[in-house]
Amino acid sequence: MGGVSFLSTVPSFTTNLTTLSSSSHRPVLIRCCKMEPQVSGESLPLHRRDVLKLAGTAVGMELIGNGFINHVGDAKAADLNQRRQRSEFLSKIKLMLSSAFKAKPELVPSILKLALNDAMTYDKATKSGGANGSIRFSSELSRAENEGLSDGLGLIEEMKKEIDSISKGGPISYADLIQLAGQSAVKSTFLASAIRKCGGNEEKGNLLYTAYGSAGQWGLFDRNFGRTDATEADPEGRVPQWGKATVQEMKDKFIAVGLGPRQLAVMSAFLGPDQLATEQLLATDPQVAPWVQKYQRSRETVSQTDYEVDLITAFTKLSCLGQQINFEAYTYPVERINLSKLKL
């Protein structure tokens, strides 16, 4: 049977009012706040809120009858399940990557540049390229700008096999894993800095980073989880050889993808293994120099807040270039319990 229609209740409701009026011959005065019969010694108030309550009840009955509320409940439950599944999967990936960088810290520079160069193939005019995992193809990895990144990609391949073996929602994309590895590499550098500031004491360094780090700023980055892999290498000539490029060439490339001198300065660690040498070059440009100096001063502080927050912001934007994020990626159906089969 279908649900009770709200509109079908209106005639009967008004008919009852008419009957009440005609049977008792009591004139009804309609006011903006209530409806009340005009009789002496007796009152039968029918307030506007009572009418609204009746109307609301009727609507609710129709929605329940049509199964709308059940559908909304199912949708909300599905959405919560998906968010939980993605969050749990992401947490496992982060732990695995953190352990990998702890074991092989020498791969951090390679991973940072791998994440940068994969995203920097983005072309605004054609809306092609970007953080799509295309750098995994040998024809792209072998280009001059990607020299020395094979070890970093080797770690990605190794981690992908391990992550896919525990995934319930399908294999992780190279696009996601490369950028997540970049995030983990960034975090490892901040943690290492905190440990150095504590005289090499790892326990105290962890406490320092927990207390003063900007981990909460990664929220938007974590949400953008569901990048799609490219099926072929991106076109050549889109990424400079950072070690040989002039500051102007680097600025032009950052501007071309929607970033600028500020982001170029804050992402200096992504441009090569020798961050200090890179910053010395960038400081020769009057547009970039103030930002280089700002972040150098910030790194000398306990919290490094300006440097860390700006780096997270710039990297988050970079890591989504050219992507339409699938927010249902890595989710899977939850098996329903058949209550009829339960034995009590």
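The structure reproduced in this document is the subject of the present report. Every chain begins its residue count from 1, and numbering advances along the sequence as written. Where local features are concerned, this predicted model is filtered to residues with pLDDT of at least 70; where side-chain atom pairs are given and counted, the filter is 80 or more; whole-chain, interface and lining totals use all residues. The side-chain numbers reported here are obtained from all heavy atoms of the structure, hydrogens and water having been left aside.

**Details of the overall build of the protein**
If you tally the helices and strands in the protein, you get 14 helices and 3 strands. Per-residue accessibility, obtained with a 1.4 Å probe over protein chains only, is compared with the maximum for each type, and a residue is labelled buried under 20%, exposed over 50%, and partly exposed between these values. Counting over 344 residues, the protein shows a buried share of 38%. It only takes one pair of heavy atoms within 4.5 Å for two residues to be counted as in contact. Across the protein, contacts joining residues at least 24 apart in sequence account for 70% of those joining residues at least 6 apart. Each accessible area is a Shrake-Rupley result for a 1.4 Å probe, and residues are judged covered by the shown protein chains and nothing else. Accessible surface, the protein as shown: approximately 19500 Å² in total, 56% of it carbon and sulfur. The secondary structure listing takes helices from DSSP runs of H or I that are at least 4 residues long and strands from runs of E that are at least 2 residues long, numbered from the N terminus.

**Some details on the packing of helix α6 (residues 150-164) against helix α7 (residues 174-197)**
Only the stretch in contact is used when fitting a helix axis, every axis being a line fitted to C-alpha atoms; angles between N-to-C directions are given from 0 to 180 degrees. Viewed as axis vectors pointing N to C, α6 and α7 meet at an angle of 115°, and their least axial separation amounts to 11 Å. It follows from the interaxial angle that α6 and α7 lie roughly perpendicular. Handedness of the crossing formed by α6 with α7: right-handed. For the pair α6 and α7, the contacting residues are I156, E157, M159, K160 and I163 in the first and Y174, L177, I178 and A181 in the second. Amino acids outside the nonpolar list (Ala, Val, Leu, Ile, Met, Phe, Trp, Tyr, Cys, Pro) and the charged list (Asp, Glu, Lys, Arg) are all regarded as polar, and Gly is one of them. Of the residues assigned to the contact of α6 with α7, the class counts are 7 nonpolar, no polar and 2 charged. Working rule for angles: under 35 degrees goes down as roughly parallel, over 145 as roughly antiparallel, 65 to 115 as roughly perpendicular, anything else as oblique. Throughout, a crossing is termed right-handed when the near helix is turned clockwise from the far one, and left-handed when it is turned anticlockwise from it by less than a right angle.

**Describing the side chain of S173**
Along the chain, S173 turns up in the loop between α6 and α7. S173 has contacts with R227, D229 and Y330, leaving out every residue within four places of it along the chain.

**Quick look at the packing of aromatic side chains**
Aromatic pairing here means that ring centres of Phe, Tyr or Trp (its six-membered ring) are within 6.5 Å. Orientation follows from the plane angle: under 30 degrees is stacked, over 60 is edge-to-face, and everything else is tilted. All told, the structure shown has 11 aromatic pairs when counted by the stated rule. For the cation-ring pair, R223 lies above F327, with the distance from its terminal atom to the ring centre recorded as 4.5 Å. Criterion for a charge above a ring: Lys NZ or Arg CZ within 6 Å of the ring centre, and within 35 degrees of the ring normal.

**Topic: helix α13 (residues 289-299)**
Every α-helical turn comprises 3.6 residues, leaving residues that sit three or four positions apart pointing alike. Of the positions making up α13, those classed as buried are A289, V292, Y295 and S298. As for α13, its buried residues are in contact with α11 (261-266), α12 (275-282) and α14 (305-318).

**Points about the pattern of salt bridges**
A pair is scored as a salt bridge if a Lys or Arg side-chain nitrogen falls within 4 Å of a carboxyl oxygen belonging to Asp or Glu. Scanning all chains against the criterion turns up 11 salt bridges. The salt bridge partner of K102 is E202, with a shortest N-O separation of 3.1 Å. Separated by 100 residues along the polypeptide, K102 in helix α3 (residues 68-103) and E202 in helix α8 (residues 202-212) bring together distant segments of the chain. By relative accessible area, K102 is classed as exposed at 63%.

**Here's the deal with the packing of α7 against α8**
The contact between α7 and α8 brings their axes to 7 Å, and the two run at 120°. As far as their axial angle goes, α8 and α7 are oblique. Here α7 runs over α8; the crossing is right-handed. Each of K187, F190, L191, A194, I195 and K197 in α7 lies in contact with α8, whose residues at this interface are E202, G205, N206, L208 and Y209.

**A look at the environment of T189**
Along the chain, T189 falls in helix α7. Take T189: its relative accessible area is 33%, and that puts it in the partly exposed class. Within the structure, the side chain of T189 is placed 2.5 Å from the backbone oxygen of V186, a separation counted as a polar contact. Any pair of nitrogen or oxygen atoms within 3.5 Å is treated as a polar contact; in protein, a donor-acceptor pairing is required on top of that, and neighbouring residues in sequence qualify only through side-chain atoms on both sides.

**With respect to the nonpolar core**
Within the largest apolar cluster, 69 residues are counted, with the highest numbers of intra-cluster contacts made by L116, I156, F254, M267 and L318. When residues of this core are assigned to their parent elements, the largest contribution, 9 residues, is made by α7. Once you skip the residues sitting within four places of it in the chain, M267 turns out to touch L116, F254, L311, A314, F315 and L318. Take the buried Ala, Val, Leu, Ile, Met, Phe, Trp, Tyr and Cys residues and link them wherever side-chain atoms come within 4.5 Å; each set so joined is a nonpolar core.

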